[in-house]
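Here is how the chains run, residue by residue.
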Amino acid sequence: MKRIKTLHTHVFGLSTSISLIALMLLILPVVTSIAGTVIPTRLGIERIELTGEIKVDGKNYPFKFIDGMLLEDGKRNITYNGQKFTVEVKTVPDQLRLNGLTEVYTYVFDSTVTFLDPNVRALKPLSRSNEIKLSDKFYLAVASDEFGNVADVAFVPPTLEKLDILDSQNPITNISGRKFLLSSKSPYRIISKTVLPEKSALILESGVTVISALNAELNIKGTLVTTGLVSFLGSGRLNVSENGSAYISAIGPEMDITSDRGALIFVDASNFRSIDANLTNFVVIRKTSLSKVSINGAYAVYIIDSTIDELQIQNCGHVVINNSAANIFNVGLLSKVISYNSQFDKLLVSDLSSVSLISSKVSTLNTSKGSVLKFKSSSLKSAKVENYAVLYLFKTTIDQLNVGNGKYYQIESNVKKVVKISEE
């Protein structure tokens, strides 16, 4: 039986055994302090473990580490064991969105980006530039600042050479080679389970319409790319498997996207019913509306400018959510999430997961099972911390905080009401 009583004091302390999020795409410049301790000159969403006394801007700092999530953005004067350092803190991405275009066999962006190969299950940069040579391959372009904050992600298309026009008089089947679907020949039809083999491609021209019969499926083991907004009519499924990849900009409110491994699922400016991705290398959801999204074991996930009714992230080590919203957001199984300027009605975090939220709003939070959450410049209506979970607050407001067998620490925050939950 649970007993609830109200506390009028705040908890304030230290836990040094917790591993927090370190999702930096670039190697940060550093200066070295005494005894080999390394203090960066630039600090994003990262935690640096220290051992001695710390002062920030002349004031005593309560922790034995410095963390960008617990410091004001801007240049901070850090005093550590009597030595002084200037550390620039930035935990908010630049307000930019990527625009690219083709210029003589080169794809050019208006900003510098980091190019990634989605066939490689790693954040291993190919180059950092504002352009890349076009080829039969395709790439991801990630716009991030020197602090590792991600602003946007874009798709670099393959060349549109050596393509065969696909006849629309017969249903799409027995695909081989590189096929181009023309809007003038629409509609195309999928009436059963159809395989897009490895090393084969379907390129859909902007304006193409594809009619999917009930429960029809396109199994993408090769490459599916749309060159603009297309339409999927009817209910069916696009399934990405093996080393397959799909970049889709489409209206398909009765269509589902699934995966069994695969290199890439990228939905852009789209409207689909659901995504169920398992062990995919990269999943990107951009400017898209979805009813349900479940992602398990993806290497990296980017959700930008999107709305999702129900979002579930499991066992994903690199998740970035920027300017998005979800009614229900469930994070579990050692996932690591960074959320900028987003809104969640109900946030559930468990199973040793780590979540950092900046300038975000949460109506109801429930965290448990050793999870670690950090809120910066955010607001919560109600929060519950139990089962060895830990909550860090910096310049954040909570209307009511319910604390069981968990901990919370606050700096310059406003916890209006604390309720202790105990068990007899």
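In this text the structure is predicted, and so the values were computed from the model without any measurement. (Residues numbered from 1 in each chain as written. Predicted model: local features only at pLDDT ≥ 70, side-chain atom pairs only at ≥ 80, totals over all residues. Heavy atoms only, no water.)

Asker: How do you make sense of the pairing of strand S10 (residues 83-89) when you look at a structure like this?
Answerer: Every regular strand shows the same layout, with side chains that alternate between the two sheet faces. Bridge count between strand S4 (residues 42-43) and S10: 2 bridges; the pairing is parallel. What sits directly across from Arg42, in S10, is Glu88. Here strand S9 (residues 74-80) runs beside S10; their pairing, made up of 7 bridges, is antiparallel. Bridge pairing in S10 links Lys75 to Glu88. (Pairing = 2+ DSSP bridges. Helix = DSSP H or I, 4+ residues; strand = E, 2+ residues; numbered from the N terminus.)

Asker: Explain the sheet that holds S4 here, please?
Answerer: Each strand in a sheet pairs with another by means of backbone hydrogen bonds, the pair being arranged parallel or else antiparallel. In spatial order, the strands read S4-S10-S9-S6-S7; together these 5 strands make up an open sheet with mixed pairing. The open sheet has two edge strands with one neighbour each: S4 and strand S7 (59-60).

Asker: Whenever I open this one, the nonpolar core confuses me. Can you help?
Answerer: What tends to happen in soluble globular proteins is that the nonpolar side chains get buried as a cluster. In this structure, Tyr302, Phe329, Leu365 and Leu391 are the most contacted members of the largest nonpolar core, which totals 94 residues. The dominant element in this core, judged by the number of residues it contributes, is strand S32 (residues 300-304), at 5 residues. Beyond its immediate chain neighbours, meaning those up to four positions away, Phe329 contacts Leu311, Ile313, Ile321, Val337, Phe344, Lys346, Leu347 and Leu348. Membership of the second largest hydrophobic core comes to 23 residues, among which are Phe65, Leu71, Val372 and Tyr409. (Core = buried A, V, L, I, M, F, W, Y, C linked by side-chain atoms within 4.5 Å. Buried < 20%, exposed > 50% of the residue type's maximum accessible area, 1.4 Å probe, protein only. Contact = heavy atoms within 4.5 Å.)

Asker: Help me understand the pairing of strand S19 (residues 193-196), please; the structure alone is not making it clear to me.
Answerer: Burial along S19 is one-sided: the face carrying Thr194 and Leu196 is buried and the face carrying Lys193 and Val195 is not. In this structure, S19 lies alongside strand S22 (residues 216-220), joined through 4 bridges in parallel fashion. Note on S22: the bridge partner recorded for Lys193 is Glu217.

By themselves, these figures tell us nothing about what the structure is for.
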